[in-house]
Amino acid sequence: MTGKPGYHHGDLRRALLAAAVQAIEESGVTALSLRDLARRAGVSHAAPAHHFGDKAGLLTALAVEGFDLLADRLHGAGGDMLEAGVAYVDFAVGHRAHFEVMFRPELYRTHDAEVRAARERAGAALYSGVAALPGRAGADPGQDALAAWSIVHGFATLWLARALPERVGDDPREAARMVIRHLFW
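Residues numbered from 1 in each chain as written. Predicted model: local features only at pLDDT ≥ 70, side-chain atom pairs only at ≥ 80, totals over all residues. Heavy atoms only, no water.

Structural notes on the overall build of the protein
Here is the rule: Only DSSP runs of H or I reaching four residues or more are called helices, and only runs of E reaching two or more are called strands; each is numbered from the N terminus. When accessible area is computed with a 1.4 Å probe and restricted to protein chains, residues below 20% of their type maximum are described as buried, those above 50% as exposed, and intermediate ones as partly exposed. Contacts between residues were defined by any pair of non-hydrogen atoms, one from each residue, lying within 4.5 Å. Only the protein chains shown count as cover for residues, with accessible areas throughout obtained via the Shrake-Rupley method and a probe of 1.4 Å.
Counting secondary structure elements, the protein contains 9 helices and 0 strands. The linear arrangement of helices and strands in the protein, starting from the amino end, is α-α-α-α-α-α-α-α-α. The buried share of the protein, taken over its 185 residues, is 40%. Put simply, 65% of the contacts in the protein that link residues at least 6 apart link residues at least 24 apart. As displayed, the protein offers around 10100 Å² of accessible surface, 54% of which is attributable to carbon and sulfur atoms.

What follows is the structure, encoded as structure tokens:
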């Protein structure tokens, strides 16, 4: 360790991803720049390009991380669809920057093998919960999964945009439960 200002030790890739999350939460994904990330991490302006190539490469890594985190959350619901839906909303609220990137495929390399694997893992977690719902014999689990995803994603997006009526309250998990229960009529 040299002790020079700007010298970075440890996991620079992780530090740059954390700086990207912070920047996106502060200013949105469109304002993100590799130069700003370098400044935030206290490294040369070339360091982010060394790790990610370009902004799309950085956002690809962020999307992979986000889909992996989401898959873990959905698996943590233990197959309970209501709790999986709440976990989805909780993920969106707690990982807003990831959520913003993950569902804007024009921002990253959607055909990247890591993105595809992480996205499929998250989708499989949601799909398996829907397929296990009781009383759905003969139903198309793919259509049910799309309906469930649309409801929870739409709710999460509306919550993040602060577009829901005040009567919904200020607890996203409880508000999500209220809405998601409509899946089980």
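After presenting the structure, the write-up continues.
Quick look at the packing of aromatic side chains
As a reminder of what qualifies: Pairing of aromatic side chains here covers Phe, Tyr and the six-membered ring of Trp, requires ring centres within 6.5 Å, and sorts the geometry by plane angle: under 30 degrees stacked, over 60 edge-to-face, intermediate tilted.
Under the definition given, this model contains 5 aromatic pairs. Residues Phe103 and Trp149 carry aromatic rings whose centres are separated by 6.1 Å and whose planes lie at 50° to one another, so their mutual orientation is tilted. Taken as a pair, Phe103 in the loop between helix H6 (96–102) and helix H7 (113–131) and Trp149 in helix H8 (residues 141–160) lie far apart in primary sequence, 46 residues in all. Overall, Phe103 belongs to the partly exposed group, its relative accessible area being 25%.

A few points about the pattern of salt bridges
Applicable threshold: By salt bridge we mean one thing: a side-chain nitrogen of Lys or Arg within 4 Å of a carboxyl oxygen of Asp or Glu.
All chains considered together, the criterion is met by 12 salt bridges. With a closest N to O distance of 3.3 Å, Asp90 and Arg73 form a salt bridge. With Asp90 in helix H5 (residues 81–94) and Arg73 in helix H4 (residues 55–75), the pair connects residues that are 17 residues apart, well separated along the chain. For Asp90, a relative accessible area of 25% translates into the label partly exposed. Where Glu83 meets Arg177, a salt bridge forms, and the shortest distance between an N and an O atom there is 2.9 Å.

Focus on the packing of H4 against H5
Stated precisely, the cut-off is as follows: In this description, a line fitted to the C-alpha atoms serves as the axis of each element, helices being fitted only across the stretch in contact, and the angle between N-to-C directions of two axes falls anywhere from 0 to 180 degrees. The hand of a helix crossing depends on one turn: near helix anticlockwise from the far one by less than a right angle means left-handed, and clockwise means right-handed. By the convention adopted, Pro, Cys, Tyr, Trp, Phe, Met, Ile, Leu, Val and Ala count as nonpolar, Lys, Arg, Asp and Glu as charged, and the other residues, Gly among them, as polar.
Contact pair H4 / H5: the axes reach a minimum separation of 9 Å and the direction vectors enclose 145°. H4 and H5 meet at a crossing whose hand is right-handed. Residue-level inspection shows Gly66, Leu69, Leu70, Arg73 and Leu74 of H4 in contact with H5, the latter providing Ala84, Ala87, Tyr88, Asp90 and Phe91. Classifying every residue of the contact of H4 with H5 by side-chain character gives 7 nonpolar, 1 polar and 2 charged.

So, the nonpolar core
For soluble globular proteins, the rule of thumb is that nonpolar side chains tend to be buried together. This is how it is decided: Side-chain atoms within 4.5 Å link the members of a nonpolar core, which is a set of buried Ala, Val, Leu, Ile, Met, Phe, Trp, Tyr and Cys residues.
Of all hydrophobic cores here, the largest spans 59 residues; its most connected members are Ile24, Leu32, Leu37, Leu58, Leu59, Val101 and Tyr108. Looking at this core element by element, the count peaks at 10 residues for H4. For Tyr108, the residues in contact, after removing those within four places along its chain, are Ala56, Leu59, Thr60, Ala63, Phe67, Val101, Met102, Val115 and Arg119.

So, the environment of Ala117
Along the chain, Ala117 turns up in helix H7. With 49 residues separating them in the primary sequence, Ala117 and Asp68 have C-alpha atoms 9.0 Å apart.

Quick notes on the side chain of Thr60
Applied cut-off: Within 3.5 Å is the distance limit for a polar contact, defined as a pair of N or O atoms, with the added protein rule that one can donate a hydrogen and the other accept it, and that residues adjacent in sequence qualify only through two side-chain atoms.
Following the sequence through the fold, Thr60 ends up in helix H4. Taking the relative accessible area as the measure of exposure, Thr60 reaches 6% and is therefore buried. At 2.7 Å, the side chain of Thr60 forms a polar contact with the backbone oxygen of Ala56.

Let's talk about H4
Quick reminder of the rule: By this rule the span expected of a helix is its residue count minus one, scaled by 1.5 Å.
Between the first and last C-alpha of H4 there are 30 Å, a value that for 21 residues agrees with the 30 Å anticipated at 1.5 Å per step. A side-chain oxygen of the first residue of H4 lies 3.3 Å from the backbone nitrogen of Ala56; this N-cap is Asp54.

A look at the environment of Phe52
Position of Phe52 relative to the elements: it lies in helix H3 (residues 47–52). Residue Phe52 is classed as buried on the basis of its relative accessible area, which comes to 9%. Considering only alpha carbons, one finds Phe52 and Leu34, 18 residues apart in sequence, at a separation of 9.5 Å. Phe52 has contacts with Arg13, Leu16, Leu17, Gly57, Leu58, Ala61 and Arg109, leaving out every residue within four places of it along the chain.

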